[in-house]
Amino acid sequence: NELDFTAKTKIILESEFEDNIKKMDNEKQDALKMLESELQSKHKQSLQDCKDQFELEIAQQQILMSKQIEEKNAEIRRINGSNASTMYQKEQVILNLEKELPVRQNCE
């Protein structure tokens, strides 16, 4: 009877031990899944942060480039205006010379 009791106790303890191991395995799997989910979430957030930073830098570069383009356009307009003024002056000199030319021809 005592051997019977010992055998039954052993079976019960082994069963409880196996149940505990399964329970611990399940808890470990759940913890791993939770950690994996957290890591994925952090990774996604990190990627989003990088993307946001990259887009911000691109926007800043575009603003800078727009300003530089506007400055160059202003410089070109200034040069073109200066050239137009010079061209007008040249045309005036040519007109004055043309007016004098017939006079010189007449003198010859």
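The coordinates are above.
What comes next is a walk through the structure. Quantities reported herein were computed from a predicted structural model and do not represent experimental measurements.

**A word on the overall build of the protein chain**
Right, on to step 1. Regarding its fold elements, the protein chain presents one helix and zero strands.
Right, on to step 2. Radius of gyration (C-alpha) of the protein chain: 46 Å, far over the 13 Å computed for a compact globule of 108 residues.
Right, on to step 3. For the protein chain, the spread of C-alpha atoms along the principal axes amounts to about 155 × 15 × 5 Å.
Right, on to step 4. Here the protein chain, with 108 residues, has 0% of them falling under the buried criterion.
Right, on to step 5. Summing over all exposed atoms, the protein chain offers an accessible surface of approximately 10400 Å²; the carbon and sulfur share of this is 57%.
Right, on to step 6. Each charge sign in the protein chain was given a centre, from 16 positive and 22 negative side chains, and these centres are 7 Å apart.

**Let's talk about the pattern of salt bridges**
Right, on to step 1. Inspection of the entire model under this criterion finds one salt bridge.
Right, on to step 2. Between Arg 77 and Glu 70 there is a salt bridge whose closest N-O contact spans 3.0 Å.
Right, on to step 3. Exposure remark for Glu 70: the relative accessible area of 43% places this residue in the partly exposed category.

**Structural notes on a negative patch on the surface**
Right, on to step 1. A surface patch of negative charge is lined by Glu 14, Glu 16, Glu 18 and Asp 19.
Right, on to step 2. Tracing the backbone shows Glu 18 in helix H1 (residues 2-107).
Right, on to step 3. Classification of Glu 18 by relative accessible area gives partly exposed; the value is 48%.

About the cut-offs
- Residues numbered from 1 in each chain as written.
- Predicted model: local features only at pLDDT ≥ 70, side-chain atom pairs only at ≥ 80, totals over all residues.
- Heavy atoms only, no water.
- Helix = DSSP H or I, 4+ residues; strand = E, 2+ residues; numbered from the N terminus.
- Rg over C-alpha atoms; globule rule 2.2 N^0.38 Å.
- Buried < 20%, exposed > 50% of the residue type's maximum accessible area, 1.4 Å probe, protein only.
- Areas by Shrake-Rupley, 256 points an atom, 1.4 Å probe, with all protein chains shown as cover.
- Lys, Arg positive; Asp, Glu negative; His and termini not counted.
- Charge placed at Lys NZ, Arg CZ, Asp CG, Glu CD.
- Salt bridge = Lys/Arg side-chain N within 4 Å of Asp/Glu carboxyl O.
- Patch = residues over 30% accessible without salt bridge, like charges linked within 9 Å, V, L, I, M, F, W, Y side chains within 5 Å.

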